[in-house]
Amino acid sequence: MTEFNLQVEENNKRLDRYLSQELPDLSRSRIQQLIEQGNVQINGKVCTSKKINVKIGDRITLEIPEAQPLELQAEDIPLDILYEDDQLLILNKPAGLVVHPAPGHPDGTLVNALLAHCPNLPGIGGIQRPGIVHRLDKDTTGAIAIAKTDIAYQSLQAQLQAKTARREYLGVVYGAPKTESGSIDLPIGRHPQDRKKMAIIPIEQGGRSAVTHWRVLERLGNYTLIHFQLETGRTHQIRVHSAKIGHPIVGDPVYSSGHSVGVNLPGQALHAWRLKLQHPLSAESIEVTAPPPRTFTKLLEVLQKRITLSN
């Protein structure tokens, strides 16, 4: 149990705002949760209202219970760490690693690995767990950010919602786009017949706005290396958008029926290449580049060699 004792020196400030100001390492939502759970006292009396105004001279006690362990086993799975400090962690995720435990994948996930790597997590929302701020599909590789604290989780989520965090991907697609760049602005939602798939769904039918910007990096005959930048982060967004414009991601087992390219790919040739964000506490700009896996670079080498031989 951690305890904070404060004496108010200003009038008419809402309790949750006052505590957020005095305890910047705690997010506003975490403070509100602690108030609602009866962990805040004003002048010796429990207060469960976040909206009450504090007055000069009020004595406030806030207790933070020890984070409860997550009911998952820590597993010693190797991690390729690109950046780490006491607030956040950025990893280069390999293909085949599921991010969250789920039916069919109860263990062996990124969360299990993180619990072993960070055994002393303060946790998110009172639970001793890492904060997965954005996800990568099982077979999509590359940079993924993980929050270690409540304040980092709130900050990174806000950056994604405000579209100030920049996420760039590399993908190899079938075919040759007619233009050198473009944007795809088509809403995405759950496929009406196949619940494991996503699809282009009108907003009035439950789809959510989805915007992907793309530009050609290298033309490789009937294949193209493309740089993608996400403006939104819907499930399977790049994969669905690419397939919709007639250029599905090579090796995509769900959205592509393309033929084999002669390279044994673990899944779709899509890699989260670069991630740029602000540090949750210092606001310093952090930019990491995740080297593509060998299968991705080998695919490019094979396609480049074919072009050379055909010329």
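Rules behind the numbers
- Each chain carries its own residue numbering, running from 1 in the direction its sequence is written.
- Note on the predicted model: pLDDT of at least 70 is required for a residue's local features to be given, and 80 or more for side-chain atom pairs to be given and counted; whole-chain, interface and lining totals, by contrast, use all residues.
- Based on all heavy atoms of the structure, the side-chain values leave hydrogens and waters out of the count.
- Salt bridges are counted wherever a side-chain nitrogen of Lys or Arg sits within 4 Å of a carboxyl oxygen of Asp or Glu.
- Strands here are runs of E lasting at least two residues and helices are runs of H or I lasting at least four, both read from the DSSP assignment and numbered beginning at the N terminus.
- Think of it in three bands: residues with accessible area under 20% of the maximum for their type are buried, residues over 50% are exposed, and the middle band is partly exposed, with areas taken using a 1.4 Å probe on protein chains only.
- Residues are treated as being in contact if the distance between any of their heavy atoms lies within 4.5 Å.
- Here a helix's expected span is defined as the number of its residues, less one, multiplied by 1.5 Å.
- For this quantity, the arc is that covered by the directions from the helix axis to the C-beta atoms.

**Focus: the pattern of salt bridges**
Inference 1: Applying the stated criterion across every chain yields a total of 14 salt bridges.
Inference 2: Between Glu-287 and Arg-274 there is a salt bridge, with the nearest N and O atoms lying 3.6 Å from each other. Residue Glu-287 is found in strand S20 (residues 285-289), and its partner Arg-274 is found in strand S19 (residues 270-278); the two are separated by 13 residues along the sequence.
Inference 3: On the accessibility criterion, Arg-274 (23% relative accessible area) is partly exposed.

**Some thoughts on the environment of Ile-307**
Inference 1: As for its position among the elements, Ile-307 is in helix H6 (residues 294-310).
Inference 2: Exposure remark for Ile-307: the relative accessible area of 24% places this residue in the partly exposed category.
Inference 3: Spatially, the C-alpha atoms of Ile-307 and Leu-265 are 20 Å apart, while their sequence positions differ by 42 residues.
Inference 4: Those residues in contact with Ile-307 that sit more than four places away from it in its chain are Leu-220 and Gly-221.

**Examining H6**
Inference 1: In a regular helix each residue adds 1.5 Å, so 17 residues correspond to 24 Å; H6 covers 24 Å between its end C-alpha atoms and thus fits that length.
Inference 2: Three or more residues of H6 are buried, namely Phe-296, Leu-299, Leu-300 and Leu-303. Down the axis of H6, the buried side of the element spans an arc of 95°, and every buried residue falls inside it. Across H6 from its buried face, at more than 90 degrees, point the exposed residues Arg-294, Lys-305, Thr-308 and Leu-309.
Inference 3: Where H6 is buried, its residues touch strand S13 (166-174), strand S17 (211-220), strand S18 (223-230) and S19.

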